[in-house]
Amino acid sequence: MNPIFANLPVTVFEAMSQLARDNNAINLGQGFPDDPGPLDIRQAAADAVLNGYNQYPSMMGLPELRQAIATHYGHWHGLNLDPTTEVMVTSGGTEALTTAILAVVEPGDEVVCFQPVYDSYLPVIRQAGGIPRLVRLKPPHWRLTEEDLRAVFNHKTKAVLFNNPLNPAAVVYPREDLELLAKFCQEFDTIAICDEVWEHVVFEGFKHIPLMSIPGMRDRTIKIGSAGKIFSLTGWKIGFVCAAPKLLRVCAKVHQFLTFTTAPNLQVAVAYGLGKSDEFFKEMQTDLARSRDRLAAGLERIGFPVIQSQGTYFLTVDLSPLGLNETDEAFCKRIVHDYKVAAIPVSAFYEEDPVTTVVRFCFAKKDATLDTALERLSDAVHRR
Ligand code: GLN
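**Observations concerning the overall build of the chain**
Tallying secondary structure elements over the chain gives 14 helices and 13 strands in all. Taken against the 2.2 N^0.38 rule, which gives 21 Å for 384 residues, the C-alpha radius of gyration of the chain at 20 Å falls within 12% of a compact globule. Out of the 384 residues in the chain, the part that is buried amounts to 58%. Sequence-distant contacts, at least 24 apart, represent 76% of the contacts inside the chain between residues at least 6 apart. Surface accessibility of the chain: about 16,000 Å² in total, with carbon and sulfur atoms responsible for 53%. Taking the average place of the 37 positive charges on the side chains of the chain and the average place of its 45 negative ones, the gap between the two points comes to 1 Å.

**Re the side chain of E326**
Within the secondary structure, E326 sits in the loop between β10 (314-318) and α13 (328-339). A distance of 2.7 Å separates a polar atom in the side chain of E326 from a polar atom in the side chain of R334.

**Description of the pattern of salt bridges**
Overall, the coordinates contain 24 salt bridges when judged by the stated rule. Between R133 and E110 there is a salt bridge, with the nearest N and O atoms lying 3.0 Å from each other. With a gap of 23 residues between them, R133 in strand β4 (residues 131-136) and E110 in strand β3 (residues 110-115) connect regions that are remote in the sequence. Among the salt bridges present, the one from R334 reaches E326, with a minimum N-O distance of 2.7 Å. An identical accessibility class is assigned to R334 and E326; each is buried. Among the charged side chains, a network of salt bridges with common partners joins E146, R150, K183 and E187.

**A few points about the site of the ligand**
For the ligand, the full set of nearby residues is F13, Q30, G31, Y118, N167, K229, F314 and R360. Separating an oxygen atom of the ligand from a backbone N or O atom of G31 is a distance of 2.7 Å. In isolation the ligand has 300 Å² of accessible area, and contact with the protein removes 77% of it. Tallied by class, residues from the shell around the ligand come to three nonpolar, three polar and two charged.

**Comments concerning the sheet that holds strand β12 (residues 344-345)**
Reading across from one edge, β9-β10-β13-β12 is the order of the four strands in this open sheet, with antiparallel pairing throughout. Either end of the sheet is taken by a strand with one partner, and the two such strands are β9 (306-307) and β12. By the bridge criterion, two bridges tie β12 to strand β13 (residues 358-362) in an arrangement that is antiparallel. Bridge assignment links I344 to a residue of β13, and that residue is R360. Most of the contacts of α13 go to β13, to which it runs at about 40 degrees, and overall it touches β12 and β13.

**Things to note about the packing of aromatic side chains**
As enumerated under the stated definition, the model contains 19 aromatic pairs in all. Seen from their ring centres, F13 and Y118 are 5.7 Å apart, and the 25 degrees between their planes marks the pair as stacked. Taken together, the residues F13 in helix α2 (residues 12-22) and Y118 in the loop between β3 and α6 (121-127) connect sequence positions 105 residues apart. Take F13: its relative accessible area is 8%, and that puts it in the buried class. Residue classification places Y118 among the partly exposed positions, given a relative accessible area of 23%.

**Focus on the nonpolar core**
If you look at the biggest cluster of nonpolar residues, it comprises 105 residues, and the most contacted ones within it are F114, L181, I193, I222, L299, F304 and F361. Here the element with the most residues in this core is helix α12 (residues 278-302); it accounts for seven residues. Filtering out sequence-adjacent residues up to four positions away, F361 remains in contact with L28, L295, L299, Y313, F314, L315, V317, I335, V341, A343 and L377. The next biggest cluster of nonpolar side chains, apart from the first, holds 29 residues, and it includes L65, I238, A271 and F280.

**Considering the confidence of the model for the chain**
Here the chain shows a mean pLDDT of 97. Residues at 70 or above account for 99%. Of all secondary-structure elements in the chain, the lowest mean pLDDT belongs to helix α9 (residues 227-230), at 95, while strand β6 (residues 191-195) reaches the highest, 99.

**Observations concerning unusual backbone geometry**
That bond from Q115 to P116 is cis: its omega, 5 degrees, falls within 30 degrees of zero. With respect to the secondary-structure elements, P116 resides in the loop between β3 and α6. Here the bond from P139 into P140 is cis, since omega is 0 degrees, no more than 30 degrees from zero. Positionally, P140 belongs in the loop between β4 and α7 (146-152). At K237, a position not held by glycine, the phi torsion is positive, near 55 degrees. Residue position: K237 is located in the loop between α9 and β8 (239-242). Notably, F260 is not glycine yet its phi reads approximately 70 degrees, a positive angle.

What counts as what
- Residues numbered from 1 in each chain as written.
- Predicted model: local features only at pLDDT ≥ 70, side-chain atom pairs only at ≥ 80, totals over all residues.
- Heavy atoms only, no water.
- Helix = DSSP H or I, 4+ residues; strand = E, 2+ residues; numbered from the N terminus.
- Rg over C-alpha atoms; globule rule 2.2 N^0.38 Å.
- Buried < 20%, exposed > 50% of the residue type's maximum accessible area, 1.4 Å probe, protein only.
- Contact = heavy atoms within 4.5 Å.
- Areas by Shrake-Rupley, 256 points an atom, 1.4 Å probe, with all protein chains shown as cover.
- Lys, Arg positive; Asp, Glu negative; His and termini not counted.
- Charge placed at Lys NZ, Arg CZ, Asp CG, Glu CD.
- Polar contact = N/O pair within 3.5 Å; in protein donor to acceptor, adjacent residues only side chain to side chain.
- Salt bridge = Lys/Arg side-chain N within 4 Å of Asp/Glu carboxyl O.
- Near = heavy atom within 4 Å.
- Nonpolar A, V, L, I, M, F, W, Y, C, P; charged D, E, K, R; others polar.
- Pairing = 2+ DSSP bridges.
- Axes fitted to C-alpha atoms, helices over the stretch in contact; angles between N-to-C directions.
- Phe/Tyr/Trp six-rings, centres within 6.5 Å; stacked < 30°, edge-to-face > 60°.
- Core = buried A, V, L, I, M, F, W, Y, C linked by side-chain atoms within 4.5 Å.
- pLDDT = per-residue confidence, 0-100.

What follows is the structure in structure tokens.
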């Protein structure tokens, strides 16, 4: 069997969710909300199942959804996308990423990735024959530096994979970092594949800026979005790929043989959802920020050093000042077993030289769920 896949572990999200089930624990590991998602959007999907078209939709996505994506990004991020040549719908963000990587990377190409790195990137790059060049980001800031980029970019750098807002670190990158990355992409004629699935989950004081909007990046960026994250409907698996026509055309060739198309009824509902008022999106951010603050305050009361979450469903805690004398992985195994709360060790997002002191918690949960988890963890810092 193909060793690239045969030798992979089960993803950390599945592994921790299984441990959560085995231990009957509260699952603050894998990132999915407790909430069932907006009723009107689910209703729109149900109506489309019953009364709409349920055969193969267009390979590129329903025209009405492609138009809604272009309009939405025009309104929210000032992007000017042609829905007929620059927007494609995929079966989720993960498919969109695989599509983009397979469309761009040829054997021998180098691809810059940042650790913590989402677990689907490296195997797919390798399957395409690419050679990952890893930048190691560090807490508490996880910022990009000229020195780090200079060490990995060169004339073989075909692509860079950039996740912003960054899961699991919960960082929303400022313009300065985006301009730095853009400078390297232009110097080395590199295509940026931007995993921006968390673009709407950004908290007060921070702003999501698509790399595509930075001067010089419009035609060398493949931007990836996800309705699952935008609407807290993670099981729907509706992703978006936006890119200049010459890039999107090749992505479409990959997509046609990965999944070909995506459930039409869910596409109808997502098109409806993307047109919702600004208040809807702001309210979602306010609700999530409240949950973030509730979990952060509770963890701080217990004694965990919380690193500020700027976006995503996640916050992280830094174990290093606690003197626990155990890795993030050991800590997560201990708390799921002893305290019945599951979290994700951030070291799982490193292939080499891991940061082993940071743990990720998902706060997209009901108050009662968060409160019970906090109660259970109340002496996790002290008792060993
Ligand atoms: N994106 C989700 C997370 O970071 C996990 C998705 C998955 O389980 N593959 O928790």
